[in-house]
Amino acid sequence: MEIRKSIETRIAVIYFLLLLFSVVAIANMVSVQQIKNVRWEQIAKNLKENTISISPNRGNICADDGSVLATSVPGYYVRIDLAAEGVKRVYANESDSLAFYLASFFKNGTRAWHKQKLDAAYKSGNRGFMLTPRKVDYQELQQIKKFPILRRGRFGGGLIVEQENQRVTPLGSLALRTIGDLNKGAYGGVHGNIGYTGLEGAYEQYLKGKEGVSYRENLSGRWVLRTEIEPQDGMDVITTINVKLQDITESTLYRNLVKNNADWGTAILMEVETGEIKAIANLGREKDIYTENYNYALGHAGCYEPGSTFKLISLMAAMEDGLVDTADVYDTGSGVWKYKGRTIYDSDYQYGGHGPMTVNEIFEKSSNVGVAKIITEAYEKNPRAFVDRVYGFGVNKPLGIELKGEGKPLFKYPGDSDWWGTTLAWMSYGYESKMTPLQVLTFYNAVANNGRMVKPRLVNEIRDNGILLKQFRTEVLNPMIVRKETLGKAQKMLERVCETGTGRSLQNPWFKIAGKTGTAQVATGQGGYQQGMYLASFAGYFPADNPRYSLIVTINNPRGGAYYGGSVAGPVFKEIAERVFAAKNLFEEVTDEPQVPEKLVHPKIKKSTPESIIQVARDLNILNFEAEPSSQIVSVTHDNDKLVVNEVETLEGRVPDVLGMGARDAVFLLEKAGLKVNINGVGKVLEQSLKANTALPAGGVIYLTLG
């Protein structure tokens, strides 16, 4: 009995203790939720009001050599807490002075107007009244901090400084659309600026960094900021863009768009072996000004019927299937062919056509009739085989490039509702299908790369504080698009276009170009074509015998009188290719002897210093010249195939003749003669206000017009 009683007593004690613990726990819960609710709300409020996010610095976007293409510069907005105790103590005495300083600094209103705004905000107890009508820089911020009331700082003068980094592009509009831009982010800017388009949007996760956290607390009456979590700055994105090549590409395209009065144009320069995009220019017209307003190179707005550049794909398909060879002959007649109720025309049909031609000649002269006859004869009974072969090249799929908004290629398929009896013929020379310029270039680049199709790439590396974090390698899309035999024939065909075909105007003395012209009518969107509106293009690579770069130029709706690919896009291709060839110093890589014209034509060289003349001759590889001048300014004359450098005599007391000279040499000569020089314009001297060889006026001024 005693043992039983002892056990019951122990159990009773345990139950009592558990009951007591439960009562205490419940009481504390009630206390926390009800009795001390106000205290916890106050703690939460203090945490919210005194916790401050620290914005990280956004990473840079750089060119292939590290040159900065996009970076962040801090800007500031200034507010005032008009309900702060420190402000209340001095507002009556200093608000008028603050209004005066604001009016003088921003010049956006009178002192009275600023005072009225401040008084209204003060009466309403505004805790964040905006003082700056615009974003100010760091130097301006330091001046504003010295204004009345504000000079007392955050807690004594209610000063609130909001930093917002501004994205800037140090190289101006260069590759601007590819770099991209920012928007205010989700929830109307609560989360700051985020990458929206281009590389800014594609690599947002690397560029944005991570926010830090700081906490404001009162220590013995003095407010201090304590950093709890340090911000992590964004990483740098190292692109494949080359600044020099980008400038060459963009400036050349711009001049030709203006010349041809076109709607828009794009040019893409790609490294053959790696797929690295070294330059990409996109210029569209807005209010008669060409700007980087859309990425026509890869976006939906640039996804058009490719026209004659597609003929290469068609003929390679037929050659790969063994259905045609370059020596086969087809009769193109008068350049007009009626096929299943519709008529196909060659571009020069009004001149009577070319009659029978080999496949090589058909491609060289870009005969629509010839290509349509080749493909229909080969695939009319089995059009699926043609489309399947085209699909096998991989051109029917988006490239999956890192930028958002890539246009989707469109190729009809037999059996689809929009496949007509004439589709095969029209598709063969670049109609009833759509591709972006970058997708066309990728195929041509594969031909240049001995059949190896690589994915175009815009980024090389991701770096964190200079340390390599991630490196991007060349991605192969198709290791061999066709047999070597087919590839060799295609390469020869492209070379012949630039030797004796529609691209013969692209020839130059230093290296060979391989490529294809393209001219396509632009569809209206309602099933027809807009009269007189064309898409001119040229796609190819150089040097043809040792391809280093592939390039495509596309110009939409040229209205300068010409509209064919060879006469509109061809000159742009040629100029870019020649300037890139010189800029990258590829002369030593040319395996064949230079194509020197039968009669050597020396360039016209203006008067300059002997050193400059000799340097120019060496740069142009002109070795046959005589130079024994003693004068500081010389001229150049031609003696058969030789350049002769002659002394230029300057008569004492007479105005020197500086027409045609560069600004530096002209200024040197004129100042040496005792004249003060005033220059207007850039380039060579077109006009001089004082006639050459007239008497020098005492203390005279000469005005030069350059151009």
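Residues numbered from 1 in each chain as written. Predicted model: local features only at pLDDT ≥ 70, side-chain atom pairs only at ≥ 80, totals over all residues. Heavy atoms only, no water.

A. View of the packing of aromatic side chains. Using the criterion set out here, one finds 27 aromatic pairs in the structure. Relative to Tyr101, the ring of Phe100 lies with its centre 6.0 Å away and its plane at 90 degrees, an arrangement referred to as edge-to-face. Owing to a relative accessible area of 47%, Phe100 belongs among the partly exposed residues under this scheme. On the accessibility criterion, Tyr101 (37% relative accessible area) is partly exposed. Ring centres of Trp264 and Tyr296 lie 4.4 Å apart, and the angle between their planes is 0 degrees; on these two criteria the pair is classed as stacked. Residue Trp264 is found in strand β11 (residues 264-271), and its partner Tyr296 is found in the loop between β13 (289-291) and α11 (311-320); the two are separated by 32 residues along the sequence. Using a relative accessible area of 9% as the deciding quantity, one classes Tyr296 as buried. Stacked on the ring of Trp426, the Lys or Arg Arg342 has its end atom at 4.0 Å from the ring centre. The ring of Phe363 carries Lys516 above its face, with NZ or CZ at 5.6 Å from the centroid. (Phe/Tyr/Trp six-rings, centres within 6.5 Å; stacked < 30°, edge-to-face > 60°. Buried < 20%, exposed > 50% of the residue type's maximum accessible area, 1.4 Å probe, protein only. Helix = DSSP H or I, 4+ residues; strand = E, 2+ residues; numbered from the N terminus. Lys NZ or Arg CZ within 6 Å of the ring centre and 35° of its normal.)

B. Structural view of the sheet that holds strand β24 (residues 514-523). Read across the open sheet, the 6 strands follow the order β13-β12-β11-β26-β25-β24; overall the sheet is antiparallel. Looking at strand neighbours, the two that pair on one side only are β13 and β24, the edges of this open sheet. Sheet twist, expressed as the mean angle between neighbouring strand axes with direction ignored, is 15 degrees. By the bridge criterion, 3 bridges tie strand β12 (residues 277-286) to β13 in an arrangement that is antiparallel. Bridged to Arg285 within β13 is Tyr290. Along the sheet, helix α17 (residues 484-500) contacts β24 and β25 (529-542); its crossing angle with β24, the most-contacted strand, is approximately 80 degrees. (Pairing = 2+ DSSP bridges. Axes fitted to C-alpha atoms, helices over the stretch in contact; angles between N-to-C directions. Contact = heavy atoms within 4.5 Å.)

C. View of the packing of helix α3 (residues 85-106) against helix α4 (residues 111-123). Running from N to C, α3 and α4 point in directions that differ by 145 degrees, and their axes come no closer than 7 Å. Handedness of the α3/α4 crossing: right-handed. In this structure, α3 contributes Lys88, Tyr91, Ser95, Asp96, Leu98, Ala99, Phe100, Leu102 and Ala103 to the contact, and α4 contributes Arg111, His114, Lys115, Leu118, Asp119 and Tyr122. Of the residues in the contact of α3 with α4, the class split is 8 nonpolar, 2 polar and 5 charged. (Left-handed = near helix turned anticlockwise from the far one by under 90°. Nonpolar A, V, L, I, M, F, W, Y, C, P; charged D, E, K, R; others polar.)

D. Summary view of unusual backbone geometry. Cis geometry marks the peptide bond from Phe542 to Pro543, where omega comes out at -20 degrees. In this structure, Pro543 sits in the loop between β25 and β26 (549-556). One non-glycine residue, Ser366, lies in positive phi territory at about 55 degrees. Within the secondary structure layout, Ser366 lies in the loop between α12 (359-364) and α13 (368-379). Given a relative accessible area of 9%, Ser366 falls into the buried group.

E. Focus on the pairing of β11. Of all 8 residues in β11, 8 are buried, a share of seventy percent or more. Between β11 and β12, which follow one another and run antiparallel, lie 5 residues, and Gly275 among them has a positive phi close to 80 degrees. The sheet contact formed by β11 and β26 spans 8 bridges and is antiparallel. Within β26, the position partnered with Glu271 by the bridge is Tyr549.

F. How the structure looks around the environment of Leu469. In this fold, Leu469 is placed in strand β22 (residues 467-471). Those residues in contact with Leu469 that lie beyond four places of it in its chain are Met235, Ile462 and Arg463.

G. Representation of the nonpolar core in the model. Among the nonpolar cores identified, the biggest contains 75 residues, and Met316 and Phe443 are the most heavily contacted of them. Top element by residues in this core is helix α16 (residues 437-448). It accounts for 8 residues. Sequence-distant contacts of Phe443, that is, excluding residues within four places in its chain, are made with Leu312, Ile313, Met316, Phe393, Val395, Met453 and Ile481. Grouped together as the second largest cluster of nonpolar side chains are 31 residues, Leu257, Leu506, Phe542 and Phe573 included. (Core = buried A, V, L, I, M, F, W, Y, C linked by side-chain atoms within 4.5 Å.)

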